[in-house]
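Chain residues, written in single-letter form:
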Amino acid sequence: MESNQNNLVDVVKMLRDQGYTEELRLYKTHLRAIAKGITLEAKDFEVDTAYRFEGSGSEEDASEIFAVTASAAGIKGLLIDELAQFRKLPDHPIIEKLFVEYKIATYDDSQDEAKYGVPKVRKSKFNEDPDRYELRRGFPDFPPCPYGNTFSMLGYDKVAEQYVWLVSSIMQDDRLQVVDYAA
């Protein structure tokens, strides 16, 4: 189903206005409502609506949003997959719940040099020097997220010493170094 909403930030605002205010995160076997500290198993929630945002002509940089309700826990929240990777996870108990019909929005991002306020790195640039980039997870110095949640991971350009947006195809590349924050 096509959507007339083509901006992820605008859709997040619209869904928040509809009461989907809790930030949800996917973990190995469950969802976690961040502010309330509640764990949700697959049986505990329903996906009310979903959106997929794709750059025109390619799926190199797609994102998905799931509006979720867990009635028994009193939670309405958003699960945001900035890299459209959740549905590709194998044998994950939550993933089956995410296979719902979604509204698709395409946009022309071929000339965009930034995403969510950080420079965008495309696969061709990454291929020039893969060791230049790393994926950082859980770092406390991530820039603010434009839709009110927090980034859980973000690319980092070690040469320019700045955070960057790595397109989805880079996230699947075995050459990408992953660095977890260690306090």
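Parameters and conventions
Residues numbered from 1 in each chain as written. Predicted model: local features only at pLDDT ≥ 70, side-chain atom pairs only at ≥ 80, totals over all residues. Heavy atoms only, no water. Phe/Tyr/Trp six-rings, centres within 6.5 Å; stacked < 30°, edge-to-face > 60°. Buried < 20%, exposed > 50% of the residue type's maximum accessible area, 1.4 Å probe, protein only. Lys NZ or Arg CZ within 6 Å of the ring centre and 35° of its normal. Pairing = 2+ DSSP bridges. Helix = DSSP H or I, 4+ residues; strand = E, 2+ residues; numbered from the N terminus. Salt bridge = Lys/Arg side-chain N within 4 Å of Asp/Glu carboxyl O. Contact = heavy atoms within 4.5 Å. Polar contact = N/O pair within 3.5 Å; in protein donor to acceptor, adjacent residues only side chain to side chain.

Let's shift gears to the packing of aromatic side chains. Inspection of every chain in the model, using the stated rule, returns six aromatic pairs. With centroids separated by 6.3 Å and ring planes inclined at 15°, the aromatic side chains of tyrosine 51 and phenylalanine 53 adopt a geometry described as stacked. For the pair shown, tyrosine 51 and phenylalanine 53 are each scored as buried. With a centroid separation of 5.2 Å and an interplanar angle of 70°, the aromatic rings of tyrosine 156 and tyrosine 163 are classed as edge-to-face. Here tyrosine 163 falls in the buried class, since its relative accessible area comes to 9%. Ring-pair connections join several aromatic residues into one group, and the members of that group are Phe139, Phe142, Tyr156, Tyr163 and Tyr181. Geometry around tyrosine 20 places lysine 76 over its ring, the cationic atom sitting 4.4 Å from the centre. Residue placement shows arginine 136 over the ring face of tyrosine 156; its charged tip is 3.5 Å from the ring centre.

So, on to the sheet that holds strand β8 (residues 114-115). Across the sheet, which stays open at both edges, the six strands sit in the order β8-β9-β12-β11-β10-β13 with mixed pairing between neighbours. Looking along the sheet, the strands with just one partner apiece sit at the ends: β8 and β13 (177-180). Direction of pairing for strand β10 (residues 133-137) relative to strand β11 (residues 153-157): antiparallel, over a ladder of five bridges. For arginine 136, the partnering residue across the bridge sits in β11 and is leucine 154.

With that out of the way, let us pick up the pattern of salt bridges. What the rule picks out here adds up to 10 salt bridges. Salt-bridge contacts for lysine 97 lead to glutamate 46; the nearest nitrogen and oxygen are separated by 3.3 Å. Here lysine 97, found in helix α2 (residues 95-98), pairs with glutamate 46, found in strand β4 (residues 46-55); they are 51 residues apart in sequence, far enough to count as distant. With a shortest N-O distance of 2.6 Å, arginine 137 and aspartate 180 are connected by a salt bridge. Here aspartate 180 lies in strand β13 and arginine 137 lies in strand β10, a separation of 43 residues in the sequence. With a relative accessible area of 35%, arginine 137 lands in the partly exposed category.

Another aspect to go through is the environment of threonine 150. Its location among the elements puts threonine 150 in the loop between β10 and β11. Separated by 12 residues in the primary sequence, threonine 150 and glycine 138 place their C-alpha atoms 9.8 Å from one another. Other than its neighbours up to four places away in sequence, threonine 150 contacts Glu23, Arg25 and Cys145.

Let us now look at the side chain of arginine 25. Position of arginine 25 among the secondary structure elements: in strand β1 (residues 22-26). Take arginine 25: its relative accessible area is 18%, and that puts it in the buried class. Here the side chain of arginine 25 touches glutamate 23 through a polar contact of 2.9 Å, side chain to side chain. Those residues within four positions of arginine 25 in sequence are excluded, and the remaining contacts are His30, Leu31, Arg32, Ile34, Leu79, Thr150, Phe151 and Ser152.

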